[in-house]
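# Breakdown of the fold
Read off the chains here:
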Amino acid sequence: MSTPVLPGADLSDVPGADLPGADFYQFESRLNGFEQRKLAEQRAFLTEHVDPFCIQWWNDAEFPSQILPDLAGLGLTTPLQQGYSPLFAGLVIAEMTRVDASVATFFMVHHDLFVESLYRFGSDSQRERYLADALALRTTGAFGLTEPEHGSDVAGGMDTTARREGDEWVLNGAKRWIGNGTFCDYLLLWAQDESDGSVRGFILDTSLPGVRRSKIEHKIALRTVQNALIELTDVRVEEADRFAGIDSFHDTKVLLQGSRMMVAWQAVGAQLGAFDIARQYVIERQQFGRPLASFQLVQAQLVKMLGNAMSSMALIAQLTMLPPAEISMDQVALAKAVTTERMRETVALGRALLGGNGIVTDYRMAKCFADAEAMYTYEGSYEINTLIVGRAITGLSAIV
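Residues numbered from 1 in each chain as written. Predicted model: local features only at pLDDT ≥ 70, side-chain atom pairs only at ≥ 80, totals over all residues. Heavy atoms only, no water.

Moving on to the nonpolar core. General note: in soluble globular proteins, nonpolar side chains tend to be found buried as a group. Within the largest apolar cluster, 77 residues are counted, with the highest numbers of intra-cluster contacts made by Val 50, Leu 71 and Trp 265. Broken down by element, the residue count for this core peaks at 15 residues, all from helix 7 (residues 250-284). Each residue touching Val 50, except ones within four places of it in the same chain, is listed here: Phe 45, Trp 57, Ile 67, Val 99, Asp 100 and Val 103. The next biggest cluster of nonpolar side chains, apart from the first, holds 23 residues, and it includes Phe 114, Met 158, Leu 188 and Phe 243. (Core = buried A, V, L, I, M, F, W, Y, C linked by side-chain atoms within 4.5 Å. Buried < 20%, exposed > 50% of the residue type's maximum accessible area, 1.4 Å probe, protein only. Helix = DSSP H or I, 4+ residues; strand = E, 2+ residues; numbered from the N terminus. Contact = heavy atoms within 4.5 Å.)

On to the pairing of strand 5 (residues 199-205), then. Side-chain direction in a regular strand flips from residue to residue, so the side chains alternate between the two faces of the sheet. Buried residues dominate strand 5, accounting for six of its seven residues. Two elements, strand 4 (residues 186-193) and strand 5, share seven bridges in a ladder whose sense is antiparallel. Bridge pairing links Ala 191 to Arg 200 in strand 5. Linking two consecutive strands that pair antiparallel, namely strand 4 and strand 5, is a turn of five residues; a positive phi of about 80 degrees is found at Gly 197 within it. (Pairing = 2+ DSSP bridges.)

Taking 1.5 Å per residue as the helical rise, helix 6 (residues 124-135) with its twelve residues ought to reach 16 Å, and the 16 Å between its terminal C-alpha atoms agrees with that figure. The set of residues buried in helix 6 consists of Gln 126, Tyr 130, Leu 131 and Ala 134. All buried residues of helix 6 project into a common sector of 115 degrees when viewed along the axis, lining one side. Summarising the geometry of helix 6, the exposed residues directed more than 90 degrees from the buried face are Asp 124 and Glu 128. Along its buried surface, helix 6 packs onto helix 5 (101-121), strand 4 and strand 5. Trailing helix 6 by a residue or two, Leu 137 shows a phi angle of about 60 degrees, which is positive. (Expected span 1.5 Å × (residues − 1). Arc of directions from axis to C-beta.)

A positive phi angle, near 55 degrees, is found at Ala 61, a position not held by glycine. The exposure class of Ala 61 is buried, given its relative accessible area of 12%. Its identity as a non-glycine residue notwithstanding, His 218 has a phi of 65 degrees, on the positive side. The topology assignment puts His 218 in the loop between strand 6 (211-215) and strand 7 (228-238). Its relative accessible area of 77% is what places His 218 among the exposed residues.

Here it is in structure tokens:
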């Protein structure tokens, strides 16, 4: 059975271990020494605590809560808040995705959406009450924006409502596809104020009366991620748990722009993982008395996979070189659309290289192939991101 070669792993007995790594253009050389050591530390953690078990977690659709203390111990939460470079922050997500897209998605939802919202929009009191536990993963968070009837159009059609009653807010409605939603302690919940139609943000304690959570079953992608339908019936939240820094839907864009960039990095990581798996497989697999890797068409497909991965990494890495204040949602939308499109082709090529073994999770590529479909869709579908860029370059909106 073929398993992927992980950076930093002991490769002494692995065929082809002396071959160039998937970082063919050495993007990691742009990191400083400390960041390179931290990335190596992360890889060692993934090799020991995630790689041997992630297929079983995926097959069982179970979340590995037991790894959270060690994951928190890496000290990689919200890297930009800690002074790390944007390139390092992206490579952290790419490397997680390279091994397991589900763990990377959990990390992004908790840190890049929930924890980041505490930094950006929370009051001093809210940060004092919630931030330390969230950083240490003693508590977990989620992001509640998408609704059963509203995905890409939620900006103009949010059905979840908030009504002020004294020092409390009464929340009603539902959120769907909420990553970490079945087990999270807190949820950044977006709702429309009944009094004036403005959008409010709340720190929702998911143990409150009136909160009902149900797991979304029968997924074919990111099965380890626990997505939920969350229904709210007259849930009372104190004014002290309203994000005072949020007063319009525009505030979501601050968070979504960052998380959309991270999904582009996920697309890079998925391609690196697919390349790892496919290359090792074709080197080891014998057909017609010789390694599959010795056939011209096989090499051509591997080169196409690597080219897709490197062009995707070059695009998003260049975006991290720009001053953060100058990065626009249009640029991020283009990165997300292009990298996920290339990812879709790359994982399909990898799946084909494994033949029949490419459709069973035992050989890992099937999981990589399936998980890519979720990344292609979430944080703005390919089509929506394409239309965002189309509007920017023509001055005309094709979005109704």
